[in-house]
Amino acid sequence: MDVGVVLQTNPPASRVVELARQAETLGFSHVWTFDSHLLWEEPFVIYSQILAATRKVKVGPMVTNPATRDWTVTASLFATLNEMFGNRTICGIGRGDSAVRVLNGRPTTLATLRECVAVVRALANGREAEVNGAKLRFPWGTDSRLDVWIAAYGPKALALAGEIGDGFILQLADPDIAAWTIRVVREAAEKAGRDPASVRFCVAAPAYVGDADPLSLAHQRDQCRWFGGMVGNHVADLVARYGTPAAAGPVPAGGTALPSALTSYITGRHGYDYNEHGRAGNTHTDFVPDEVIDRFCLLGPPAAHIERLTELAGLGVDQFAVYLQHDAKRATLEAYGETVIPAVSATIQAKTR
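As a starting point, this report considers the structure included with it. (Residues numbered from 1 in each chain as written. Predicted model: local features only at pLDDT ≥ 70, side-chain atom pairs only at ≥ 80, totals over all residues. Heavy atoms only, no water.)

### Topic: the pattern of salt bridges
Okay, step 1: Counting across every chain of the model gives 14 salt bridges.
Okay, step 2: Where D35 meets R69, a salt bridge forms, and the shortest distance between an N and an O atom there is 2.8 Å. On the criterion of sequence distance, the pair formed by D35 in the loop between strand 2 (30-33) and helix 2 (43-53) and R69 in the loop between strand 3 (58-61) and helix 3 (71-85) is long-range, its members being 34 residues apart.
Okay, step 3: What makes D35 buried here is its relative accessible area of 4%.
Okay, step 4: When its relative accessible area of 15% is taken as the criterion, R69 is described as buried.
Okay, step 5: For D318, the salt bridge is made with R200, and the minimal N-O distance between the two is 3.5 Å. With D318 in the loop between helix 11 (302-315) and strand 11 (319-323) and R200 in strand 9 (residues 200-209), this pair connects stretches of sequence that are 118 residues apart.
Okay, step 6: R200 sits in the partly exposed class, given a relative accessible area of 36%.
Okay, step 7: Taken together, the shared-partner salt bridges connect D2, R200 and D318 into one network. (Salt bridge = Lys/Arg side-chain N within 4 Å of Asp/Glu carboxyl O. Helix = DSSP H or I, 4+ residues; strand = E, 2+ residues; numbered from the N terminus. Buried < 20%, exposed > 50% of the residue type's maximum accessible area, 1.4 Å probe, protein only.)

See the structure below:
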């Protein structure tokens, strides 16, 4: 299992670059960032500096969207970085959340997302794409290579990830929900005539390495409660479309039914302030109960993280990406590099012998 890290591009940008450099030194495989150009600094500018300061990590957004960037410009950004630094970029993409909602916009349709992925992937992989009736190609970008991973929660978006995605991103670490989403994605890939094993799976969630005593765990939960609020934005959209499950029960085997484990906790939700999006300690996510944080995030001593990651790997997760938005950034990075990543790798290797 690869382990990546997800950073916010808060100023100073030099600190973001240094965290990325440290992550590579500690064995992380990917450096992702948020992509909301009004809430944080412009990520693609910072990607150039991260790539210059590192040697191996892949770098990209978790996640960009079709609405706030011209698709051909997005493809050109990736292709240019690839030419400069040797095909070390990756594109996470979804319908749009904070980047569009802070502008009073709405997420795009899945049809628009499908079209955008086709254009970005073709151009950033040296191929021709048709845009507004014009056939386009980067004459200088023939050697560029880019994988496009689709972030999704709902059944139709999961199906799209299976049909066209190089990878799928699930932004929460609940094993039951992960198993359901992976199953839906793989079924869609197979129906589309693809090899289900060709779709890579990434689970992304806050990870906070700390003590196991109740006082410490309470602090860790409060530092990660923002994540339940962020996920709740997407869940609210899904509930509006698909409805709330009639009762708590097992995760559904397929179809358009939503698992109650994903939807039940938003009943106490009362709006959302995007000016505090992704920030630890914000006040508008108090509706998120502790048990949801425990399911969606990874907390506690290294052994607890190793156990959860080993379970996710057994479900078919190829990468875990650590959201590092809390007050123990460096301590968590170091604990992962020194203890968690080596232990998970050794455990997985032992099971495959």
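### With respect to the pairing of strand 2
Okay, step 1: Going residue by residue along strand 2, you find H30 and W32 tucked away on one face and V31 and T33 tucked away on the opposite face as well.
Okay, step 2: Sheet analysis places strand 1 (residues 2-7) next to strand 2, joined by four bridges and oriented parallel. Across the sheet, residue L7 finds its bridge partner in strand 2, namely T33.
Okay, step 3: In this view, the connection linking strand 1 to its parallel neighbour strand 2 by way of helix 1 (residues 13-25) has right-handed handedness.
Okay, step 4: For the crossover that starts at strand 2, traverses helix 2 and ends in the parallel strand 3, the hand is right-handed. (Pairing = 2+ DSSP bridges. Right-handed = clockwise from strand over helix to strand, strands pointing away.)

### With respect to the environment of V344
Okay, step 1: Inspection of the secondary structure puts V344 in helix 12 (residues 329-352).
Okay, step 2: Given the relative accessible area of 2%, V344 is considered buried.
Okay, step 3: In the structure, V344 is positioned 342 residues away from D2 in sequence and 9.7 Å away in space, judged by C-alpha atoms.
Okay, step 4: Ignoring any residue separated from it by four or fewer positions in sequence, one finds V344 in contact with I306 and L309. (Contact = heavy atoms within 4.5 Å.)

By themselves these figures say nothing about function.
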